[in-house]
Amino acid sequence: MTPPPEPADVSAEDERAPGAADPSEGGGERASFRAGLRLGAYAALAVGEITLFFSRFDTVALGEDPSGWRRFASQAYVLSYLLLAVLTALAVFGRALWPSLRGNSLSRVRDDVRGHVFLVGHLIAFGGLWASSAYLFDSPLPEHVSVGGWLLVWGACGLASVVLWMLGLFRAATLERLYRRVARPLWFAVGVGVAAWVAGLLTPRLWDLWKPLSRATLWVAYGLLRPFTDVIEVYPDEMFIGSSEFMVQVVAFCSGYQGIGLIWVFMGAYLWFFRNDLRFPRAWLILIFSTVLVWCANAVRIAALVAIGTWIDGDIASGGFHSKAGWVMFCAVALGTVALTRRMDYFTRRESTHAQPGASRPTAAYLLPLLVLIAVTMVTGAVAVGLDAWYGLRVVLAGAVLLAFRREYGSALRPRGPAVAILAGAAVAAGWLLLMPAYDETAVTAMLDEHLAGLSALAAGAWWMARTIGFVIVVPIVEELAFRGYLTRRLIAYDFTEVPPGSFTWTSFLVSSVLFGVLHQALIAGTMAGMLFAWAYYRRSSLGDAIVAHAAANGLLALYAVTTGHWSAWI
């Protein structure tokens, strides 16, 4: 497969919309600021509307209705998976898009009366989409009502809402020029995303092809357990393995094909992005090696699942371990394979694998603490029922990585305006409490009490101490290093070390803030927090200020939980 060609360069004169101000002229910076503010407002409007729409209308529930069109509409949720696949492909293959969207792109954003008219039209169209959705989805339609006619109105309102939103930001001629520049890489990425989605959709239906793989997984898991006990039984006809205490059926999803598909995507991306560093054709052996390894890891997972369910606790096995162990092992295999092969001269060119003594390791310094924190969380969470009793382990290991790279940070973590940063943290805490979803506080308190009841006084005190240090100190440092210290600069240039700290672009600001919200599984509240932490960072180009703001926000949330008993704000 060949990469999409880079779009041809277009002169600055062609890139600017007719009548747009030249940034080099007086007032150019002010015009760029207004354009960036408008772009951010439109993005926030789109995120808010999408969140409200999908939280209000649940198409899956339509499948309970016997009428054909409602059952068909109930499958609309798959569009979210398709969109995710396309966005993932854009992130991997869409590098050719960014030169087309950077530079003086803010000068193309319109700021005229007609743009405001299009915005009003968008809001009216979205209102029509909302009203028609409520009429179509909330109750059965009368027999005399034309379903086709209402569906046509519904689709027209949705399409008009999208088109008018785009015209509120850019002129039609500007949109046409942008599309011509990015069409080929855009459709290449869309094609890859659709192909990945279709493959994921069809694979579960190819059960007959994967039966031999499931049977092999069954017998390998049995072979791993049999030397240690004679209580394990296997029923190959029904694909069961286990004991009288705990039994597992090795169905299609346990055969290992999902891990194989994931490792093919991951290692394919690895081979692609490092194609200039790797030695081909021998590098193709990496794909074969990782495929065999991830399948063996899945067999180990099945054996461990049976062992934990038989000898430890069935709830742990069928709960946290069953849902998370596969991802833990996939990450271990994928990252381990990359780390190993990058250090082997057989696969990698010598000049690209051996760093000079004393060479700087900035990427590892900024990202490895977060990766360690996430990895330990996944491992300990896989064997946890309720709250994680091993929380202190993630604090110790992430802290150890921070200490190991302390020379890389130098004075970058030193705050320059802590008073204002604390105020920003207070604003984040207040916004988080207002925007976070409502939890059953009785259930959260009962889970906390049950967890503490199983610990001695010393162990409970150590757990609380680790929880506090991790939440207020370690987590803010780790996350700000990754998001503000690395990602905001990495989105500006491939070599983020060449970008001065505090360098601002709207793309890096918005993307890093949204990804921060995604990581915390709270899109609106998390994005808001990411924006305010970024503001503290940009204000004096100080990563230390972002860390102080983050620590202040987490500290205030912990204080609120302790004083009010609303533990969901912290635990």
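Preceding this section is the structure that the text describes.
Just so it is clear, the model here is predicted, and its values are computed rather than measured.

Cut-offs applied
- Residues numbered from 1 in each chain as written.
- Predicted model: local features only at pLDDT ≥ 70, side-chain atom pairs only at ≥ 80, totals over all residues.
- Heavy atoms only, no water.
- Core = buried A, V, L, I, M, F, W, Y, C linked by side-chain atoms within 4.5 Å.
- Buried < 20%, exposed > 50% of the residue type's maximum accessible area, 1.4 Å probe, protein only.
- Helix = DSSP H or I, 4+ residues; strand = E, 2+ residues; numbered from the N terminus.
- Contact = heavy atoms within 4.5 Å.
- Pairing = 2+ DSSP bridges.
- Axes fitted to C-alpha atoms, helices over the stretch in contact; angles between N-to-C directions.
- Phe/Tyr/Trp six-rings, centres within 6.5 Å; stacked < 30°, edge-to-face > 60°.
- Lys NZ or Arg CZ within 6 Å of the ring centre and 35° of its normal.

Asks: What should I look at first to understand the nonpolar core in this one?
Replies: Generally speaking, soluble globular proteins have nonpolar side chains that are buried together. Residues Tyr366, Tyr391, Trp432, Val478, Leu481 and Phe533 are the most contacted members of the largest nonpolar core, which totals 58 residues. Every element with two or more residues in this core is listed here: helix H14 (362–382), helix H15 (391–404), helix H17 (418–435), helix H18 (441–453), helix H19 (457–490), helix H20 (506–519), helix H21 (523–539) and helix H22 (543–564). No other element matches the 12 residues that H19 contributes to this core. Residues in contact with Phe533, not counting those within four places in the same chain, are Val428, Glu480, Arg484, Phe516, Ala546, Ala549, His550 and Ala553.

Asks: Hey, could you run me through the environment of Tyr486 in this one?
Replies: With respect to the helices and strands, Tyr486 occurs in helix H19. The exposure class assigned to Tyr486 is buried, which follows from its relative accessible area of 13%. On a C-alpha basis, the gap between Tyr486 and Thr497 in space is 8.6 Å, while along the polypeptide they are 11 residues apart. Each residue touching Tyr486, except ones within four places of it in the same chain, is listed here: Thr363, Tyr366, Leu367, Leu481 and Phe496.

Asks: Even after reading the chapter, I still don't get the sheet that holds strand E2 (residues 240–242), so can you show me in this structure?
Replies: Sheets are built from strands that pair by backbone hydrogen bonding, the pairs being arranged parallel or antiparallel. Here 3 strands make up an open sheet; going across it, the order is E1-E2-E3 and the pairing antiparallel. Every interior strand has two partners, whereas the edge strands, strand E1 (233–235) and strand E3 (247–249), have only one. When the angles between neighbouring strand axes are averaged without regard to direction, this sheet yields 15°. Judged from the 3 bridges that link them, E1 and E2 form a sheet pairing that is antiparallel. Paired with Val234 across the strands is Ile241, a residue of E2.

Asks: It is not clear to me how the packing of aromatic side chains should be interpreted in this structure. Could you clarify?
Replies: Two descriptors summarise a pair of aromatic rings, namely the distance from one centre to the other and the angle between the planes of the rings. Applying the stated rule across the entire model yields 21 aromatic pairs. Between the aromatic rings of Tyr42 and Trp165, the centroid separation amounts to 5.9 Å while the plane-to-plane angle is 55°, which identifies the pairing as tilted. Of this pair, Tyr42 sits in helix H2 (residues 28–56) while Trp165 sits in helix H7 (residues 147–169); the two residues are 123 residues apart in sequence, bridging distant segments of the chain. In this structure an aromatic cluster arises from ring pairing among Trp463, Trp464, Phe471, Trp567 and Trp570. The ring of Phe516 is capped by Arg484, whose NZ or CZ atom sits 4.7 Å from the centre of that ring. Across from the ring centre of Tyr366, 5.6 Å away, lies the NZ or CZ of Arg489, which sits over that ring.

Coordinates in, geometry out; function isn't part of it.
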